[in-house]
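Coordinate inspection notes
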Amino acid sequence: VLLTGETGTGKEVVARSIHDMSPRQPKPFVVLDCGAIPKDLIESSLFGHEKGAFTGAVGQHKGCFEQAHSGTIFLDEIGELDITLQPKLLRVLENRELKRVGGDRTIKIDVRVLAATNRDLRAMVNKGTFREDLYYRLAAYEITLPPLRDRPQDVPLLVEHFLRKHAPERRMRLTKAALARLFDYPWPGNVRELENEIQRSLAL
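Notes on the structure follow. (Residues numbered from 1 in each chain as written. Predicted model: local features only at pLDDT ≥ 70, side-chain atom pairs only at ≥ 80, totals over all residues. Heavy atoms only, no water.)

1. Looking at the packing of helix α7 (residues 155-166) against helix α8 (residues 176-184)
Put simply, the rule is: Note on geometry: axes are lines fitted to C-alpha atoms, helical ones only across the stretch in contact, with angles between N-to-C directions running from 0 to 180 degrees. By the criteria applied, helices consist of DSSP H or I runs no shorter than four residues and strands consist of E runs no shorter than two, each listed in order from the N terminus. Working rule for angles: under 35 degrees goes down as roughly parallel, over 145 as roughly antiparallel, 65 to 115 as roughly perpendicular, anything else as oblique. Crossing handedness follows the turn of the near helix against the far one: under a right angle anticlockwise gives a left-handed crossing, and clockwise gives a right-handed one. Whether two residues touch is decided by their heavy atoms; if any such pair falls within 4.5 Å, the residues are in contact.
At a minimum axis distance of 10 Å, the contact between α7 and α8 shows a crossing angle of 120°. Here α7 lies oblique to α8, going by the angle between them. α7 and α8 meet at a crossing whose hand is right-handed. Counted together, Val155, Pro156 and Val159 of α7 and Leu179, Leu182 and Phe183 of α8 form the full contact between these two elements.

Following this line, the structure appears as structure tokens:
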């Protein structure tokens, strides 16, 4: 499943919900932010490495795919994945097996793969910065999360949820005037920005 949408629309929440409502729910849910890991470490983070595979590899390490075995791996910001690693990821997805960096043993894996991006992968495919075959492998089913400005009717529901989440013992409510201001605001940071605003209001 490929989850697309602007930053802050709740892609990781949807990914976790897919996992939690599936038969894989008791098994691991492993998150890897492809944009937060240095280029020279991403392969090891994904597939693991053997002791001595590179400088600093003082022991064997299981990558995120192995850690997620029988569960779900969530590849966040997949559009940031270096194009030189994309063929290796495609091979793992197609063959359901991997080799750790510096290793020669083939390891079978069974994972559900969820990926997310705020970038236009189709445009990246056209520019040659994202592999077309990997895109179609990841996007077997695509879910686009609309920005909060396109679903203002969700604002009151989200406000109630965040009040319960961050102040369950206080039973606080917003005034109609405050709610109207939140309803009319365009929320460039989407749901994440709304949650931050509620937290800030509670703190003050």
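2. Some words on the pairing of strand β3 (residues 72-76)
To keep things clear, this is the line we draw: For every residue, the accessible area (1.4 Å probe, protein chains only) is compared with the maximum for its type, and the residue is labelled buried under 20%, exposed over 50%, or partly exposed between those bounds. At least two DSSP bridges between two strands are needed for those strands to be called paired.
Counting buried residues in β3 gives five out of five residues, a clear majority hidden from the surface. With burial as the criterion, each face of β3 is covered, one bearing Thr72, Phe74 and Asp76 and the other bearing Ile73 and Leu75. Pairing analysis gives five bridges linking strand β2 (residues 29-33) to β3, with the strands arranged parallel. Paired with Val31 across the bridge in β3 is Phe74. Direction of pairing for β3 relative to strand β6 (residues 112-117): parallel, over a ladder of four bridges. Residue Ile73 lies in a different strand from β6, and its bridge partner there is Val113.

3. Observations concerning helix α4 (residues 86-95)
Threshold: Note: the arc covers the axis-to-C-beta directions of the helix.
Buried within α4 are the following residues: Gln86, Leu89, Leu90, Val92 and Leu93. Buried residues of α4 fall within an arc of 160° about the axis and therefore sit on the same side. Buried-residue contacts for α4 involve α2 (42-47), α3 (64-67), β3, β4 (97-98), β6 and α6 (132-138). One or two residues past the end of α4 sits Arg96, with phi positive at roughly 55°.

4. Focus on the environment of Glu142
This is how it is decided: Side-chain atoms alone can form a polar contact between residues adjacent in sequence; in general such a contact is a pair of N or O atoms within 3.5 Å, and within protein one must be able to donate a hydrogen while the other accepts it.
When you line up the elements, Glu142 lands in strand β7 (residues 142-144). When the C-alpha atoms of Glu142 and Glu160 are compared, they prove to be 29 Å apart, with 18 residues separating the residues in sequence. Setting aside its immediate chain neighbours within four residues, Glu142 contacts Leu2, Thr4, Arg122 and Tyr135. Engagement of the side chain of Glu142 in a polar contact is seen with the side chain of Tyr135, the distance being 3.2 Å.

5. Side note on the side chain of Arg100
Examined against the element boundaries, Arg100 turns out to sit in the loop between β4 and β5 (107-108). When sequence neighbours within four positions are dropped, the list of residues in contact with Arg100 reads Phe47, Gly48, His49, Glu50, Gln60, His61, Lys62, Glu66, Arg105 and Ile107.

6. Here we look at the sheet that holds β3
In spatial order, the strands read β2-β3-β6-β1-β7; together these five strands make up an open sheet with parallel pairing. What marks the edges here is a single partner per strand, and that holds for β2 and β7. For this sheet, the mean inter-axis angle between neighbouring strands, taken without regard to orientation, is 20°. Across the sheet, helix α1 (residues 11-20) is in contact with β1 (2-4), β2, β3, β6 and β7; its angle to β6 comes to roughly 165°.

7. Overview of the packing of aromatic side chains
The cut-off we apply is this: Ring geometry is summarised as follows: Phe, Tyr and Trp rings, the Trp one being its six-membered ring, pair when their centres sit within 6.5 Å, and such pairs are stacked at plane angles under 30 degrees, edge-to-face over 60 and tilted between the two.
Applying the stated criterion to the full structure yields four aromatic pairs. Ring centres of Tyr185 and Trp187 lie 4.6 Å apart, and the angle between their planes is 85°; this geometry places the pair in the edge-to-face category. Given the relative accessible area of 37%, Tyr185 is considered partly exposed. Classification of Trp187 as buried rests on a relative accessible area of 3%.

8. Brief notes about unusual backbone geometry
Of note in the backbone geometry, Arg171 takes a positive phi value of approximately 50° without being a glycine. Within the secondary structure, Arg171 is located in the loop between α7 and α8. Residue Asn190 is not a glycine yet carries a positive backbone phi of 60°. Looking at the element boundaries, Asn190 is found in helix α9 (residues 190-203). Given the relative accessible area of 0%, Asn190 is considered buried.

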